[in-house]
Amino acid sequence: MLTPPEVIDSVVVHELAHLKEMNHSERFYAEILRVFPDYWKWNGWLKKNGRAIMARMISE
């Protein structure tokens, strides 16, 4: 993988939270933060670096 493990964890937790909340409501994010308090830090990392990672994957 081309990301820190915490980024992968944040994506997995995000998707699993959809099993309880099928939306992006306050309750949804409260569930994420209950399980993964550093979610916003790593979500920000992914937003900042995601395009470069995808471009690298396509060009290889």
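Because the structure is predicted, anything quoted here is derived from the model rather than measured. (Residues numbered from 1 in each chain as written. Predicted model: local features only at pLDDT ≥ 70, side-chain atom pairs only at ≥ 80, totals over all residues. Heavy atoms only, no water.)

**A word on the packing of helix H1 (residues 5-17) against helix H2 (residues 26-35)**
Helices that pack against each other are described as a pair by the angle of their axes relative to one another and the distance between those axes. One way to put it is that H1 packs onto H2 with a least axis distance of 9 Å and a crossing angle of 135 degrees. Considering the angle they form, H1 stands oblique to H2. Between H1 and H2 lies a crossing whose hand is right-handed. From H1, Val13, His14 and Ala17 reach across to H2, where they touch Phe28, Tyr29, Glu31, Ile32 and Val35. Grouping the amino acids of the contact of H1 with H2 by side-chain chemistry returns six nonpolar, one polar and one charged. (Axes fitted to C-alpha atoms, helices over the stretch in contact; angles between N-to-C directions. Helix = DSSP H or I, 4+ residues; strand = E, 2+ residues; numbered from the N terminus. Parallel < 35°, antiparallel > 145°, perpendicular 65-115°, else oblique. Left-handed = near helix turned anticlockwise from the far one by under 90°. Contact = heavy atoms within 4.5 Å. Nonpolar A, V, L, I, M, F, W, Y, C, P; charged D, E, K, R; others polar.)

**Some thoughts on the nonpolar core**
Residues Val7, Val13, Ala17, Phe28, Ile32, Phe36, Tyr39 and Trp42 constitute the largest nonpolar core, which totals eight residues. Counting residues per element, this core draws most heavily on H1, which supplies three residues. In contact with phenylalanine 36, other than residues within four places in its own chain, are Glu6, Asp9, Ser10, Val13 and Trp42. (Core = buried A, V, L, I, M, F, W, Y, C linked by side-chain atoms within 4.5 Å. Buried < 20%, exposed > 50% of the residue type's maximum accessible area, 1.4 Å probe, protein only.)

**So, the pattern of salt bridges**
Per the counting criterion, the structure on display carries three salt bridges. When the shortest N-O distance is used, the salt bridge between arginine 27 and glutamate 21 registers 3.1 Å. Relative accessible area serves as the criterion here: at 15%, glutamate 21 is assigned to the buried category. Measuring nitrogen to oxygen at the nearest pair gives 2.6 Å for the salt bridge that ties glutamate 31 to arginine 34. One end of the pair, glutamate 31, and the other, arginine 34, are both in helix H2, three residues apart, so they sit about a helical turn from each other. Given the relative accessible area of 58%, arginine 34 is considered exposed. Connected through salt bridges with shared partners, the residues Lys20, Glu31 and Arg34 form a single ionic network. (Salt bridge = Lys/Arg side-chain N within 4 Å of Asp/Glu carboxyl O.)

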